[in-house]
Amino acid sequence: MIKLSELYSGKAKTVYRTDDPEKLIMKFRDSLTAFDGKKKSEAPKKGYYNAQIAAKLLSLLEEKGIKTHFDSMISDTEMVVDAVDIIKIEVIVRNIAAGSLVKKYPFKTGQKLDPPILVFDYKSDEHGDPMINDDIAIALGLATKDELLKIRKLALSINSILLDHLADKNLLLPDFKLEFGRRKGKILLADEISCDTCRFWDKKTGESLDKDVFRFDKGDLVSAYREVARRIVPEIFEK
Ligand code: TMP
Ligand code: ASP
């Protein structure tokens, strides 16, 4: 596979065309932002840890029967993915109250949410990623009623698989964000699942091991990401 020109560069990843029109290359970079890009930084090896964590979790989901855009890794930080038409909805699954949920509603940080709460945000930096409901998503033409139902079911299945998998790694999963895409009439899980897009808390200490370390200046981001990688992809430390 040959990497061609850049298609799109986001806040933490760059997507390239390839000589196969059905495939793209997604490169995980060391840059990171928070608060709609207002806070910016670089963290050496962040792209590497996130890429390895995402590859492992997307492969796990594929093994469990969830269709994802993941194809393979072609370098430490570059993932080959299926080209999809991204649905502009950030699907957030919440198992424990944290972050914006606690800021906006009378939940207490750490409060268990059972059954999990699913939230849809409109993926638009210009509009500040506002929360939407099915009616708004349909009226904006972001997805059909049927697609929203499928996305909801997929997000909850993904949540169960991830919770099961992380439990024996002493990681709590308070919440995470997913994105889906369309390909040949089917819905695929797209984007990444990593320390940038999940909250991971150490089960014993409750310590944040994710982008909250950067958002709220809680310590050393790279050590936190390395610790999650150590638990989810221990094999990369054996090389
Ligand atoms: P929130 O509590 O700030 O709304 O975040 C909920 C989850 O979504 C959390 O796991 C982090 C993730 N997230 C993203 O992946 N991208 C974003 O732009 C934001 C705001 C949150
Ligand atoms: N990814 C978003 C940004 O940079 C927000 C966040 O993750 O907190 O702006």
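For the structure, check the block above.
Residues numbered from 1 in each chain as written. Chains lettered and ligands numbered in written order. Predicted model: local features only at pLDDT ≥ 70, side-chain atom pairs only at ≥ 80, totals over all residues. Heavy atoms only, no water.

Looking now at the pattern of salt bridges. If you walk through the whole model with that rule in mind, you get 25 salt bridges. Of the charged contacts in the structure, one is a salt bridge between Asp191 and Lys13, with a shortest N-O distance of 2.8 Å. Taken as a pair, Asp191 in the loop between strand S13 (186-190) and strand S14 (198-202) and Lys13 in strand S2 (residues 13-18) lie far apart in primary sequence, 178 residues in all. Take Asp191: its relative accessible area is 11%, and that puts it in the buried class. The closest approach of N and O atoms between Lys39 and Asp217, which form a salt bridge, is 2.9 Å. (Salt bridge = Lys/Arg side-chain N within 4 Å of Asp/Glu carboxyl O. Helix = DSSP H or I, 4+ residues; strand = E, 2+ residues; numbered from the N terminus. Buried < 20%, exposed > 50% of the residue type's maximum accessible area, 1.4 Å probe, protein only.)

Next up on the list: the pairing of strand S10 (residues 112-122). Bridge count for strand S9 (residues 89-96) against S10 is 7 bridges, and the pairing is antiparallel. Across the sheet, Glu90 pairs through a bridge with Asp121, a residue of S10. Pairing geometry for S10 and strand S11 (residues 131-132), over 2 bridges, is antiparallel. Paired with Asp121 across the bridge in S11 is Met131. (Pairing = 2+ DSSP bridges.)

Neighbouring residues of ligand 2: Lys11, Thr33, Ala34, Phe35, Asp36, Gly37, Lys211 and Arg215. Lys11 places a side-chain nitrogen or oxygen 3.5 Å from an oxygen atom of ligand 2. Between an oxygen atom of ligand 2 and a main-chain N or O atom of Gly37, the distance comes to 2.7 Å. Taken by itself ligand 2 offers 270 Å² of open surface, and the protein chains cover 74% of this. Each residue belonging to the shell around ligand 2 can be placed in one class, and the counts come to 2 nonpolar, 2 polar and 4 charged. (Near = heavy atom within 4 Å. Polar contact = N/O pair within 3.5 Å; in protein donor to acceptor, adjacent residues only side chain to side chain. Areas by Shrake-Rupley, 256 points an atom, 1.4 Å probe, with all protein chains shown as cover. Nonpolar A, V, L, I, M, F, W, Y, C, P; charged D, E, K, R; others polar.)

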